Amino acid sequence: MKNSFANVSTTELNHKWNDAVKREIPIYSRGNSIRSDFDRDYTRLLHCQAFSRLKHKTQVFYSPHNDHVCTRMEHVMHVASVADTISKYLGLNTELTKAIATGHDIGHAPFGHTGEDILNSLMEKRPGANAPKKFWHERNSLFFADYIETLPDPDAVERTLNLTYAVRDGLICHCGEVDQQGIKPRDKAMPLYDIKVPGYVQPFTWEGCVVKVSDKIAFLGRDLQDARRYHILDMSCYRQLREIVGSTLGLTRTGETVSHSSGKAVNTTVLINDMIVDLCQQSSPEAGLCFSEQYFKFISELKKFSFEKIYSHWRLLEFKAYAKNVLGTIYNTLMNTQSFAQNGRIPSAMRYFKNLSTTFEDWLIRYSNYIPKDSPDRKKTLRYETPVVFDVDDWESYQKCVIEYISGMTDAFAISCWNEIISF
């Protein structure tokens, strides 16, 4: 029902408001009150480098040469579009929704979820079969927002983004891949780094919940379209899609959801629209954000189909092996430089890998206790007011430093660094 969530929207009338707008450090004033706190967060995320790099990061298909295949940035904009439509209809705070949606994937690794899995596997395993993941992109989005991404303040000093609690919470709680009905926000604010597993702690706000659901709607709809462009889907796949539509939604005219002119096209916009409409019609503050049983079953079957026919396709599996080689080679190269980092001599360690050496040393200067031998005051000269996050003298901290540096790479930059390493 339209505006049915207006009374629980994150506004000054909401009892969660003070926690929602809290920042770890008071942010500098711009001398006007044109923008709200959440609007400022949106523009801070929009202008940060991690967001810019999303246009060259994988959504599903790696380092695409086809200009019309979805990149991570396009996925983010699709999520923002879906979330804005839902929030606007339900009467929620669209500025907060927009900020969370825009920043939700800034911590994503190169090569999509494959890259995420590779970086996690490279990190030292904790004891125990059920040990939590050490690298997952939702927490990494929060980490990048809190410690890595910077913008110049009015005095041209680079400072971290310093986002509001509600936006930071939305970043780490945005996982939309866990099948859940009736999603509702949790009652209390909590230390966000206490969240150890992706997907199971619900967001603090309804707006964060909307982004979580919108993430699923966006990727399920668009991935079908890109699979067609890459000729991943054959005629048997389209027959299976028609069966899913018929059995779950009871449609006899499959064109309402799946357009199969010549058996090849997928009408993504209709598919996404139908999921949005169903969610808006079924949801309420009492029931939570939910789909009808028809559409929930359809989404579950569509997700299962996508994993079996798209994400597990042999062509993508071949590229996963390639991505593992690329990221593993970079990781091993950088981990072998720790003793050089302790002595401020990274350029000596990687004198044949100029791009990798230059960017990694700059990373160390900004975020660690590394002091370059030839220019000990370089951090001050560059006016970086970034905290010391990594210790080059500690192996585990240095490993995290390497992993975080790699996670910020685009597909193309990772491949170019790999080529630099293996070339003679």
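Residues numbered from 1 in each chain as written. Predicted model: local features only at pLDDT ≥ 70, side-chain atom pairs only at ≥ 80, totals over all residues. Heavy atoms only, no water.

**Section: the overall build of the protein**
Check the secondary structure of the protein and you find 19 helices and 2 strands. Taken against the 2.2 N^0.38 rule, which gives 22 Å for 424 residues, the C-alpha radius of gyration of the protein at 22 Å falls within 12% of a compact globule. Its C-alpha atoms give the protein principal-axis dimensions of about 70 × 55 × 40 Å. For the protein, the residues scored as buried account for 55% of the 424 residues in total. (Helix = DSSP H or I, 4+ residues; strand = E, 2+ residues; numbered from the N terminus. Rg over C-alpha atoms; globule rule 2.2 N^0.38 Å. Buried < 20%, exposed > 50% of the residue type's maximum accessible area, 1.4 Å probe, protein only.)

**So, the pattern of salt bridges**
One pass over the structure, following the stated rule, counts 12 salt bridges. Here Asp153 and Arg159 are joined by a salt bridge, their closest N and O atoms 2.6 Å apart. Its relative accessible area of 9% is what places Asp153 among the buried residues. Asp169 is the salt-bridge partner of Arg186, the closest N and O atoms lying 2.8 Å from each other. Pair noted here: Arg186 is in the loop between helix H8 (165-172) and helix H9 (206-229) and Asp169 is in helix H8, with a separation of 17 residues, a long-range link. This pair shows no difference in class: Arg186 is buried, exactly as Asp169 is. Sharing partners across several salt bridges, the network here consists of Arg23, Asp37 and Asp41. (Salt bridge = Lys/Arg side-chain N within 4 Å of Asp/Glu carboxyl O.)

**Here's the deal with the confidence of the model for the protein**
With 91% of its residues at a pLDDT of 70 or more, the protein shows a mean pLDDT of 88. Counting contacts from residues 252-266, a segment whose pLDDT is below 50, to residues more than four positions away or on other chains yields 31 contacts. (pLDDT = per-residue confidence, 0-100. Contact = heavy atoms within 4.5 Å.)

**Regarding the packing of H9 against helix H12 (residues 293-311)**
Where H9 meets H12, the closest approach of the two axes is 11 Å, and the angle between their N-to-C directions is 40 degrees. The orientation of H9 with respect to H12, classified from their angle, is oblique. Crossing handedness for the pair H9 and H12: left-handed. Packed against H9, whose contacting residues are Lys216, Phe219, Leu220, Asp223, Leu224 and Ala227, the element H12 presents Ile299, Leu302, Lys303, Phe305, Ser306, Ile310 and Tyr311 at the interface. The class makeup of the residues in the contact of H9 with H12 is 9 nonpolar, 1 polar and 3 charged. (Axes fitted to C-alpha atoms, helices over the stretch in contact; angles between N-to-C directions. Parallel < 35°, antiparallel > 145°, perpendicular 65-115°, else oblique. Left-handed = near helix turned anticlockwise from the far one by under 90°. Nonpolar A, V, L, I, M, F, W, Y, C, P; charged D, E, K, R; others polar.)

**A short note on the packing of aromatic side chains**
In this description, an aromatic ring pair is defined by two values, namely the gap between the centres and the angle between the planes. Scanning the entire structure with this criterion turns up 17 aromatic pairs. On the numbers, 5.5 Å between centres and 85 degrees between planes, the contact of Tyr165 with Phe204 is edge-to-face. With Tyr165 in helix H8 and Phe204 in the loop between H8 and H9, the pair connects residues that are 39 residues apart, well separated along the chain. Phe204 gets classed as buried once you look at its relative accessible area, which sits at 1%. Ring pairs connect the aromatic residues Phe143, Phe144, Tyr147, Tyr193, Phe360, Trp363, Tyr367, Phe390, Tyr398 and Tyr405, which therefore count as one cluster. (Phe/Tyr/Trp six-rings, centres within 6.5 Å; stacked < 30°, edge-to-face > 60°.)

**Focus: H9**
The first and last C-alpha atoms of H9 sit 35 Å apart over 24 residues, in line with the 34 Å expected at 1.5 Å per residue. Along H9, 21 of the 24 residues are buried, which leaves the element largely enclosed by surrounding structure. (Expected span 1.5 Å × (residues − 1).)

**Some thoughts on helix H4 (residues 72-90)**
The first and last C-alpha atoms of H4 sit 27 Å apart over 19 residues, in line with the 27 Å expected at 1.5 Å per residue. What H4 keeps buried is the set Arg72, Met73, His75, Val76, Val79, Ala80, Val82, Ala83, Ile86, Ser87 and Leu90. On the buried face of H4, the contacting elements are helix H3 (49-53), helix H5 (94-103), helix H6 (112-122), H9 and helix H11 (268-282). Of the residues trailing H4, Gly91 is marked for its positive phi of about 90 degrees.

**Describing the nonpolar core**
Judged by nonpolar contacts, the single largest core of 115 residues is most densely connected at Leu289, Ile330, Leu356, Phe360 and Ile406. In terms of residues, this core owes the most to one element, H9, which gives 11 residues. Setting aside residues up to four positions removed in sequence, Ile406 forms contacts with Pro110, Leu119, Leu327, Ile330, Tyr331 and Leu334. Ranked by size, the runner-up nonpolar core spans 8 residues in total, among them Ile172, Cys173, Leu192 and Ile195. (Core = buried A, V, L, I, M, F, W, Y, C linked by side-chain atoms within 4.5 Å.)

**Details of unusual backbone geometry**
In this model, Asn3 sits at a positive phi of 60 degrees, which is unusual for a non-glycine residue. The class for Asn3 is partly exposed, based on a relative accessible area of 41%. For Phe111, which is not glycine, the phi torsion reads 65 degrees and is therefore positive. Looking at where Phe111 falls in the secondary structure, it is placed in the loop between H5 and H6. For Phe111, a relative accessible area of 0% corresponds to the buried category.

**Things to note about the packing of H4 against H9**
Running from N to C, H4 and H9 cross one another at 125 degrees; their axes reach a closest spacing of 8 Å. Judged on the interaxial angle alone, H9 and H4 are oblique. In the crossing of H4 with H9, the sense of the turn from one axis to the other is right-handed. From H4, Glu74, His75, His78, Val79, Val82, Ala83, Ile86 and Ser87 reach across to H9, where they touch Val210, Val211, Ser214, Asp215, Ile217, Ala218, Phe219 and Arg222.

**A look at the environment of Ile276**
Here Ile276 shows up in helix H11. On a C-alpha basis, the gap between Ile276 and Pro198 in space is 24 Å, while along the polypeptide they are 78 residues apart. Once residues lying within four places of it in the same chain are set aside, the contact partners of Ile276 are Val82, Thr85, Ile86 and Ile217.

**Remarks on the environment of Cys290**
Turning to its location among the elements, Cys290 is positioned in the loop between H11 and H12. Sequence spacing of Cys290 and Val213 is 77 residues, and the spatial spacing of their C-alpha atoms is 8.9 Å.

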